[in-house]
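Descriptive structure summary
Letter by letter, the chains look like this.
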Amino acid sequence: MWNFMSLFKSKKQSFDTQYVEIPDTAFDENLKREIQKLESYAEELARSLQKKYSKEFEKKNRKNLKVYLERNIDGDEIEGISSDNAFEKEYRSVLAMEYDGFEDDEQYEDIDISLWYYFGGYRHGTGGLYKLAQDNLEIEMEEALKELLERFQK
C-alpha cells in the first residue's frame, strides 16, 4: 500500500523539509494563489530547462526532451485541467520530464518533482505543497537532469 509521503520522494531532502502538509480545513484563496504562483513558475522553468538541456540529451541518444508541468486528478490527465482545480481531491501537479523511449529506459528512475497534491480522505484530506524557494526547485530539477545525463554514459 502506498502512502501520502511516498508521492513526494526526494533523495536529498526529507518530506519534512521540502513539503508542508496543509489540512483541507485550511484551504483558502491565499493557498490557491500560492499553488498558482508555484505552477506558473514551474511552467516557465520547464521551458527554460528543456531549451537548455535538449542538445545534451540528443548527444546521449535521447531525442525530444520534454520538461513540463503535468496536472492530473487521480492519475488521469484531463483536458482543460488547471490550478483552478487544485482543491479537487486527488489533484496533483508535477514538474516532469520525458524523452523518446523514456518508458523503455527502465534503469533510469523517475525524476519528477511534485509541487502540490491534495490527498482526499473519506471526510477530510491533506494537501502537500512544495515549500522551498523557487530557486531550490530550479536547482533540484537541474541537478536531476545532470545526474540523469551522467548515468547515460555508464
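Details of the structure are given in the entry above.
Below you will find a few notes about this structure. Note that the structure is predicted; figures quoted are calculated from it, not measured. Each chain carries its own residue numbering, running from 1 in the direction its sequence is written. Local features in this predicted model are restricted to residues of pLDDT 70 or higher, and side-chain atom pairs are both shown and tallied only at a pLDDT of 80 or more, whereas totals for entire chains, interfaces and linings draw on every residue. Side-chain measures were taken over the full set of non-hydrogen atoms in the model, leaving aside hydrogen atoms and water.

1. A closer look at the pattern of salt bridges
Any carboxyl oxygen of Asp or Glu that lies within 4 Å of a side-chain nitrogen of Lys or Arg is treated as forming a salt bridge with it. Counted under the stated rule, the structure contains four salt bridges. The salt bridge partner of Arg 71 is Glu 43, with a shortest N-O separation of 3.8 Å. Separated by 28 residues along the polypeptide, Arg 71 in strand 2 (residues 66-73) and Glu 43 in helix 2 (residues 29-59) bring together distant segments of the chain. Assessed through its relative accessible area of 30%, Glu 43 is described here as partly exposed. Across the pair Glu 142 and Lys 52 runs a salt bridge, and its minimum N-O distance is 2.4 Å. Of this pair, Glu 142 sits in helix 3 (residues 134-152) while Lys 52 sits in helix 2; the two residues are 90 residues apart in sequence, bridging distant segments of the chain. A relative accessible area of 11% means that Glu 142 is categorised as buried. Overlapping salt bridges, with partners in common, bring together Glu 39, Glu 43 and Arg 71 in one network. Working definition: helices are DSSP H or I runs of at least four residues, strands are E runs of at least two. Numbering for both runs from the N terminus. Buried, partly exposed and exposed residues are distinguished by accessible area as a fraction of the type maximum, computed with a 1.4 Å probe on protein chains only: under 20%, between the cut-offs, and over 50%, respectively.

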